[in-house]
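Each chain, letter by letter, is given below.
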Amino acid sequence: MESETTIEIEVHLDADAAATMRSDVRRGLLAAPKELSPKYFYDERGSQLFEQITELEEYYPTRTEREILAERSREIVAAAGCPATLVELGSGSAAKTRHLLSAMEAVGCLRTYVPVDISEEITHSTAACLVEEYPGLAIQGLVCDFERDLERIPADLEPRLIAFLGGTVGNLYPDQRRDFLARLAALMESGDRLLLGTDLVKERDRLELAYDDPAGVTAEFNKNVLTVLNRELGANFDPDLFAHVARYDSGEARMDIRLRSLAEQTVSLDVLDLEVEFAAGEEMRTEISAKFTRDRLEAVYAEAGLELRGWFTDAAGDYALSLVSLPGS
Ligand code: TRP
């Protein structure tokens, strides 16, 4: 008998996302140095610009991760012990995920896909496409902020492969990263595996070009966050009075992405009832993007109570997918 295709999607959105944004932005602008959360890059325009970034010649991570998945998903699925469930944190349109789903289908282990994403719309449309493409697939989606709602991931669908792609783990600060990985470890059973995408250390020039393309798409993406604050918080940032800055900090092994104020200026945010002064040349961080080595990642996993079990890179060694488990399991 053919198993039945099912779609179930649970929604746990922040009841007051607007209040969260107000307090995040207030805290960031009052901090020294100032900082904005990368969460607010992705309005409609920001998501379009990021999509364009991923298509730039200079921005290798997306393309390279896709190549590794296209070429090695069979091997990854076998090394992961042929999981019944694929959980994906930040699933979006699941473009890259199809390589994993197809590999699971080919070995006959595929039962359930658990997409976890902040966008309800994309989760519904992705689910509808996937049940067409993978007959018999059960979809148990979660619409939430996975950093907040990680513990809602269904526990009864083992063995699971939990994919966290796109290098997003590199956008967390070391203490946030350790806490996040430790929370994942706490959810995992011995047969579960984590698949983590991370960008790797390389020459400064290539890194800086990947985050500051000559066509200026990345600069526009970075400045778009100011437009978001103008619209959502009644702010009056002039994007032309800020410059995009993308520097590789080799000591911390991370890209440090900022907006630099080109003049002494005062910005007001009506909704926050706040006025903020910027000195000429003052920089405000908008994102970090850590770059790893295999040794450093082993230490990162160990610190969170996890163990590196498999390592998949492209031929040039630009990007890695790590397969990770609980120690000894
Ligand atoms: N998470 C992506 C990364 O670290 C996001 C990104 C790409 C980004 N280019 C950017 C963020 C420029 C800010 C500015 O690679």
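It should be noted that the structure appears before, not after, this text.
Residues numbered from 1 in each chain as written. Predicted model: local features only at pLDDT ≥ 70, side-chain atom pairs only at ≥ 80, totals over all residues. Heavy atoms only, no water.

Thoughts on the sheet that holds strand β1 (residues 6–11)
Next up, step 1: Here eight strands make up an open sheet; going across it, the order is β1-β4-β3-β2-β5-β6-β13-β12 and the pairing mixed. The sheet is open, and its two borders are formed by β1 and β12 (307–313), each paired with just one other strand. With strand direction ignored, the average angle separating the axes of adjacent strands in the sheet is 20 degrees.
Next up, step 2: In the sheet, β1 pairs with strand β4 (residues 138–143) via six bridges, with the strands oriented parallel. The partner of I7 across the bridge, within β4, is I139.
Next up, step 3: This element, helix α10 (residues 294–303), spans β6 (193–199), β12 and β13 (319–325) of the sheet and lies at about 145 degrees to β12. (Pairing = 2+ DSSP bridges. Helix = DSSP H or I, 4+ residues; strand = E, 2+ residues; numbered from the N terminus. Axes fitted to C-alpha atoms, helices over the stretch in contact; angles between N-to-C directions. Contact = heavy atoms within 4.5 Å.)

With respect to the side chain of K202
Next up, step 1: Tracing the sequence through the fold places K202 in the loop between β6 and α8 (204–210).
Next up, step 2: Separated by 2.6 Å, the side chain of K202 and the backbone oxygen of L200 make a polar contact.
Next up, step 3: Those residues within four positions of K202 in sequence are excluded, and the remaining contacts are Y60, L207 and D318. (Polar contact = N/O pair within 3.5 Å; in protein donor to acceptor, adjacent residues only side chain to side chain.)

Here we look at the sheet that holds strand β8 (residues 254–261)
Next up, step 1: Spatially, the three strands line up as an open sheet ordered β7-β8-β11, and their pairing is antiparallel. The open sheet has two edge strands, β7 (242–249) and β11 (283–290), and neither has a second partner. This sheet shows a mean twist of 20 degrees between the axes of neighbouring strands, independent of strand direction.
Next up, step 2: The pairing of β8 with β11 spans seven bridges and is antiparallel. Within the sheet, the bridge partner assigned to R260 lies in β11 and is E283.
Next up, step 3: Sheet contacts for helix α9 (residues 217–233): β7, β8 and β11; angle to β7, the most-contacted strand, approximately 115 degrees.

Here's the deal with the packing of aromatic side chains
Next up, step 1: One pass over the full model with this rule turns up 13 aromatic pairs.
Next up, step 2: Judged by centre distance (5.8 Å) and plane angle (85 degrees), the ring pair of Y42 and F50 falls under edge-to-face.
Next up, step 3: According to the relative accessible area criterion, Y42 is partly exposed, its value standing at 38%.
Next up, step 4: We classify F50 as partly exposed; its relative accessible area is 26%.
Next up, step 5: With centroids separated by 5.8 Å and ring planes inclined at 80 degrees, the aromatic side chains of Y59 and Y211 adopt a geometry described as edge-to-face. Of this pair, Y59 sits in the loop between α2 (44–54) and α3 (61–79) while Y211 sits in the loop between α8 and α9, placing them 152 residues apart in sequence. Comparing Y59 with Y211, the two get one shared label, buried.
Next up, step 6: The structure contains a cluster of three or more aromatic residues connected by ring pairs, namely F41, Y42, F50, Y59, Y211 and F221.
Next up, step 7: The aromatic ring of F278 is capped on one face by K34, whose charged end is 4.7 Å from the ring centroid.
Next up, step 8: A cation over a ring is seen here: R206 above Y60, with NZ or CZ 5.0 Å from the ring centre. (Phe/Tyr/Trp six-rings, centres within 6.5 Å; stacked < 30°, edge-to-face > 60°. Buried < 20%, exposed > 50% of the residue type's maximum accessible area, 1.4 Å probe, protein only. Lys NZ or Arg CZ within 6 Å of the ring centre and 35° of its normal.)

Some words on the side chain of T112
Next up, step 1: Counting through the fold element by element, T112 comes out in strand β3 (residues 112–117).
Next up, step 2: Setting aside residues no more than four positions away along its own chain, T112 makes contact with A84, T85, L86, L137, A138, Q140 and L157.

Quick look at the packing of α2 against α9
Next up, step 1: Relative orientation of the contacting elements α2 and α9 amounts to 155 degrees, with a least axis distance of 9 Å. If you check the angle between α2 and α9, you find them roughly antiparallel. Considering the relative orientation of α2 and α9, their crossing is left-handed. Between α2 and α9, the contacting residues are R45, G46, L49, F50, Q52 and I53 on the first element and V217, T218, E220, F221 and N224 on the second.
Next up, step 2: A per-class count over the contact of α2 with α9 returns five nonpolar, four polar and two charged. (Parallel < 35°, antiparallel > 145°, perpendicular 65-115°, else oblique. Left-handed = near helix turned anticlockwise from the far one by under 90°. Nonpolar A, V, L, I, M, F, W, Y, C, P; charged D, E, K, R; others polar.)

Brief notes about the packing of helix α1 (residues 17–30) against α9
Next up, step 1: Axis separation between α1 and α9 bottoms out at 12 Å; the angle between their running directions is 125 degrees. What the angle tells us is that α1 and α9 run oblique. Once α1 is placed against α9, the crossing between them reads as left-handed. For the pair α1 and α9, the contacting residues are M21, R22 and V25 in the first and V228, L229, E232 and L233 in the second.

Some words on the site of the ligand
Next up, step 1: In the neighbourhood of the ligand, the contacting residues comprise F41, Y42, F50, Y59, N171, Y211, T218, F221, I257, E287 and S289.
Next up, step 2: Contacts to the ligand include N171, whose side-chain N or O atom sits 2.8 Å from a nitrogen atom.
Next up, step 3: Note that an oxygen atom of the ligand is positioned 2.5 Å from one of the side-chain N or O atoms of Y211.
Next up, step 4: Burial of the ligand by the protein amounts to 96% of the accessible area it has alone, namely 360 Å².
Next up, step 5: At the level of secondary structure, the elements contributing two or more residues to the shell around the ligand comprise α9 and β11.
Next up, step 6: A class-by-class count of the residues in the shell around the ligand yields seven nonpolar, three polar and one charged. (Near = heavy atom within 4 Å. Areas by Shrake-Rupley, 256 points an atom, 1.4 Å probe, with all protein chains shown as cover.)

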